[in-house]
Amino acid sequence: MAERSAVVGIGQTKYDRCLPVSMDGLVRQAALRALEDADLTFADIDAIVIGKAPDALEGVIMPELSLCDALCAVGKPIHRVHTAGSVGGSTAISASTLIESGMYNTVLTVAYEKQSDGNFMWALSGGRSGGAGAGGSFAPWIRNYMRRSGAPEHIGWKVAAKDRRNGAKNPYAHVSQADITIEAVKESPMIWDPIHFLEVCPSSDGAAAMVITNAAGAKRAPRPPAWVIAHAKRTEFGVFPGRDPVKPVAGMECARALFKKAGITDPRRQIDCAELYVPFSWFEPMWLEGHLICPEGEGWRMVDSGATEIGGDFPVNMSGGVLCSNPIGASGMLRLLEPANQVRGTAGDYQVEGARVALGQAYGGPSNYFAMWIVSSEPNPTFE
Amino acid sequence: MLAAKHAYPRRWPESTKRGTGPDKILPPPVADSSLLSQQGVVIMAEFPISFTLEYPYTRTLGPVIGPFLTALRDGRILGIRCGDRVLCPPMEFDPDTGETLRPDLVEVGPSGTVENWTWVAEPSRKHPFQEPFAFAQVKLDGADTTMTHAVKAVGQAAMSTGMRVRAQFREERTGSIGDVYFVPEDDARDQSIAPGEGEVEISTHLISLTYDDTLYPHAARYAQGLLDGKFIGQRISGDKIAIPGKGYDALARVMLTEADDVELATTGTVLSYTVLTPVKYRGQTETEPYLSATIILDGAGQSLTQQDIRNIPLDEFRVGMRLRAIFKPAAERRVDDVDNDWMYPSIGDVVERWEPTGEPDVALDELPESM
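Computed from a predicted structure; not experimentally measured.

Okay, the overall build of chain A next. Scanning chain A for helices and strands turns up 13 helices and 11 strands. Over its C-alpha atoms chain A spans a radius of gyration of 19 Å, differing by no more than 12% from the 21 Å that the globule rule assigns to 384 residues. Each of the three principal axes of chain A carries a C-alpha extent, and together these read 55 × 50 × 45 Å. The buried share of chain A, taken over its 384 residues, is 67%. For chain A, contacts bridging at least 24 residues in sequence account for 79% of all contacts bridging at least 6. In the structure as shown, chain A presents an accessible area of about 12100 Å², 53% of it carried by carbon and sulfur atoms.

Attention now goes to the interface of chain B and chain A. Across the contact, 53 residues belong to chain B and 58 residues belong to chain A. Both sides together, the interface formed by chain B and chain A hides about 4500 Å², and carbon and sulfur atoms give 55% of it. If you look at where chain B meets chain A, you find 1 salt bridge. At the level of secondary structure, the elements contributing two or more residues to the side of chain B that touches chain A comprise strand S1 (48-60), strand S12 (240-242) and strand S16 (267-276) of chain B. With 7 residues, S1 of chain B is the single largest residue contributor to the side of chain B that touches chain A. Counted by class, the side of chain B that touches chain A contains 28 nonpolar, 15 polar and 10 charged residues.

A few words now on the sheet that holds strand S2 (residues 77-82) of chain B. Residues and elements named next belong to chain B. Read across the open sheet, the 3 strands follow the order S3-S2-S4; overall the sheet is antiparallel. Both edges of this open sheet fall to strand S3 (85-87) and strand S4 (105-108), since each of them pairs with a single strand only. Geometrically, the sheet is characterised by an average inter-axis angle of 45 degrees between neighbouring strands, direction not taken into account. Pairing between S2 and S3: 3 bridges, direction antiparallel. What sits directly across from Ile80, in S3, is Leu87. This element, helix H3 (residues 62-73), spans S2 and S4 of the sheet and lies at about 150 degrees to S2.

All names here are of chain A. If you walk through the whole model with that rule in mind, you get 39 salt bridges over all chains. For Arg148, the salt bridge identified is with Asp244, shortest N-O distance 2.8 Å. With Arg148 in helix H5 (residues 133-149) and Asp244 in the loop between strand S8 (226-235) and helix H9 (249-262), the pair connects residues that are 96 residues apart, well separated along the chain. Salt bridges linked by common partners bring Asp37, Arg223 and Arg344 together as one network.

Let us look at a nonpolar patch on the surface. Residues and elements named next belong to chain A. Together, Ile61, Met62 and Leu65 make up an exposed nonpolar region whose accessible area comes to about 320 Å². Considering the arrangement of structural elements, one finds Leu65 in helix H2 (residues 63-66). Judged by its relative accessible area of 52%, Leu65 falls in the exposed class.

The next thing to look at is the nonpolar core. Leu71, Leu108, Phe280, Phe283 and Ile374 of chain A are the most contacted members of the largest nonpolar core, which has 92 residues in total. Top element by residues in this core is helix H1 (residues 23-38) of chain A. It accounts for 8 residues. If sequence neighbours within four positions are ignored, Ile374 of chain A has contacts with Trp227, Val228, Ile229, Ala230, Leu258, Phe259, Ala262, Ile264, Ile271, Val357, Ala358 and Leu359 of chain A. Among the nonpolar cores identified, the runner-up in size contains 40 residues, and Ile312, Leu323, Ala325 and Leu367 of chain B belong to it.

Here chain B is described as being made up of domain 1 (62-200) and domain 2 (215-366). For domain 1 of chain B versus domain 2 of chain B, the separation of C-alpha centres amounts to 53 Å.

So, on to the packing of aromatic side chains. Scanning the model with the defined rule gives 19 aromatic pairs over all chains in all. On the basis of an interplanar angle of 85 degrees and a centroid distance of 5.2 Å, the ring pair of Phe138 of chain A and Phe283 of chain A is categorised as edge-to-face. Taken together, the residues Phe138 of chain A in helix H5 and Phe283 of chain A in helix H11 (residues 283-290) connect sequence positions 145 residues apart. Each member of the pair, Phe138 of chain A together with Phe283 of chain A, is buried. Members of the aromatic cluster, joined through ring pairs, are Phe138, Trp141, Trp192, Tyr277, Phe280, Phe283, Trp287, Tyr363 and Phe370 of chain A. The ring of Tyr273 of chain B is capped by Arg143 of chain A, whose NZ or CZ atom sits 3.8 Å from the centre of that ring.

Procedures and definitions
- Numbers given to residues run from 1 along each chain, matching the order in which its sequence is written.
- Key to labels: chains lettered from A, ligands numbered from 1, both in the order written.
- Side-chain atom pairs in this predicted model are given and counted only at pLDDT of 80 or more, local residue features only at pLDDT of at least 70, and totals for whole chains, interfaces and linings cover all residues.
- Hydrogens and waters are ignored; side-chain quantities use all the structure's heavy atoms.
- Note on conventions: DSSP H or I runs of at least 4 residues are helices, E runs of at least 2 residues are strands, and numbering of each starts at the N terminus.
- A radius of gyration in this sense is built from C-alpha atoms; the matching globule rule multiplies 2.2 Å by the number of residues raised to 0.38.
- The cut-offs for exposure are 20% and 50% of the maximum accessible area for each residue type, with area from a 1.4 Å probe on protein chains only; residues under the lower value are buried, those over the upper are exposed, and the others partly exposed.
- The criterion used for residue contact is that any of the two residues' heavy atoms lie within 4.5 Å.
- All accessible-area figures derive from a Shrake-Rupley calculation using a 1.4 Å probe, and residue coverage is judged against the displayed protein chains alone.
- The buried area of a pairing is the accessible area, by a 1.4 Å probe, that goes missing from both parts when the two are put together, added over both.
- Within this document, salt bridges are pairs made up of a side-chain nitrogen of Lys or Arg and a carboxyl oxygen of Asp or Glu, the two lying within 4 Å of each other.
- Residue type decides the class: Asp, Glu, Lys and Arg count as charged, Ala, Val, Leu, Ile, Met, Phe, Trp, Tyr, Cys and Pro as nonpolar, and the leftover types, Gly among them, as polar.
- When DSSP finds two or more bridges between a pair of strands, those strands are recorded as paired.
- Axis lines are fitted through C-alpha atoms, for helices just across the contact stretch, and the angle between N-to-C directions can take any value from 0 to 180 degrees.
- Nonpolar side chains (Val, Leu, Ile, Met, Phe, Trp, Tyr) within 5 Å and like charges within 9 Å form the patches, drawn only from residues with over 30% relative accessible area and no salt bridge.
- Buried Ala, Val, Leu, Ile, Met, Phe, Trp, Tyr and Cys residues that are joined via side-chain atoms within 4.5 Å together make up what is termed a nonpolar core.
- Each domain's extent was defined by an automatic or database domain assignment.
- Put simply, two rings from Phe, Tyr or Trp (the six-membered ring, in Trp's case) pair if the centres are within 6.5 Å, and we call them stacked under 30 degrees between planes, edge-to-face over 60, tilted for the rest.
- Here, over-ring charges are defined by two tests on the NZ atom of lysine or the CZ atom of arginine: distance to the ring centre within 6 Å, and angle to the ring normal within 35 degrees.

What follows is the structure, encoded as structure tokens:
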């Protein structure tokens, strides 16, 4: 790469079932907050990279064009990224790549979803009513993971309770349940057996934005930058003979490429915390294994031992994760944005003490699109 | 062949060419061996399937469009002050500087001047009028920008640039842009509009799209197989069988032909399942918990997902169980939802039920990891 990239501004809206703002107003709010954090204005932005989940979610076709005014993108390059649920992650990585290429000095990246304007279930089933929904697709894979790993059923409940408690520390979170118990998760209605209601992500409105700049921009920034150390994206077909959706090859390849680029040889020890895309509780142990953070069969043991709690040796989804806020297009960006919050020391009540190196991951489609990055408080962190 | 052509219009039906829109829905494919030519080669254009996507989306209107639509419902047109100008339709942000505009709304019109126009000779069912009309850019009195809207005029000859038009409001107003239309000023009549109640904050938009998807040859053979009560897959590298085939081998990156088609068994093994407890959402038709199973057909390299199981009690269903597909009678088989999408493939509505074969279960450690 010609240049280094760093996050110098972060902006989020509150996540909620239905925010009383227009789609324009929504992306605008996140963008302005990110600019304010970076002490910049729209005039300082060279290009905009925007991402959201399929247009059918709100029925606005190519919204990047109609959102130009709200993002002050008139007369500037605007890029749209589209990789299903992982899109927020891919969008941030695309913005980072534009900086690293030396093409632009400062880029604004925005991701959003206004889920209340449409119907997720309908849009994701290709406009067919009566579909089984995302949970109906993922539940059989979760059952397979449980069978193969021997994980006891309380693991899912434990992840859900942890994430909802973490969400209570995040002022932007849609769902926060500070006093939730494992028992309450277990007793909640079964939706897609073995997934209980409280193990399912909500449907949220919301937007997230980051200002990403080069080394010179990072030097000028008023607050500590989060240096982008490495990023990787991988895709595989959603369906093919021999595919293992519980541990997709693309997910492993993406993690391998990422760790190699970052110089990480022992991810569990060398990474301080992670935000993983966990829309259903069981994906926490599945991705810990599927992204080679721990050996096969160890993911659920990490959960069981409390290692993924804030204060554990590998905290996961300190912000509450997708289980607490799910503005789909932005959900992936949040997974990359929150690690930046951690290494900048701006994560507030869910800050992991001394976080130096953090991992963000997003996935989409039938577990076949992956986007990951590693950020650090140091431009060139070394690992022992 | 001829019969099939008459039954199934070509990709662009005459009705579409004439611009009468998607009102004419193509007949759904049914079990009919005449879809196949004598040589068994399916001509793509003989297997078009018509899809209609339709959903009532909502829009959260915000601080500017909300009051604008509320005013339309009440028989008034509002613009927004932006520096020295008045923008109509109003915008949330200054189109020049990007600054957020204060919601300083002012009434404009009801008359204005046509700055440009085009004649819509053959309206579609979604147009504001079902008889010919004009779309015009109207600069309302008091506004500095134009609003594109419909002008109801007796004919194209009645339209001209620079002509004066006046707003007319519909009898039934809902707080939408369609509450108003324009007529030549001389045709305008005075209206007495009673204001509605409350603010318009969310609008509803029934967005629909009807399109014809013509199945690729391999997908047409797969669909025809389903109508014939067969599961047709395609053999790819490594002696694996994909179902449905993609028409190419995604792993070896080579094209496949009809010679690679393989008829699979109608028996298979349960790889996994979920029990769905229906949640309420628009369009939901389910009310009781039901099984949705992942089944791998004998010999197949990939499974059939989301197979409805209604005939086996929930507590008897298990991974490793052996099942056989019992097809519906030929005349009842439908493949309406089979399309070229291989990511979320459908087996149409051809299977009556999956019936236990009575064979011993497959041992769990003998199940493939692939789903």
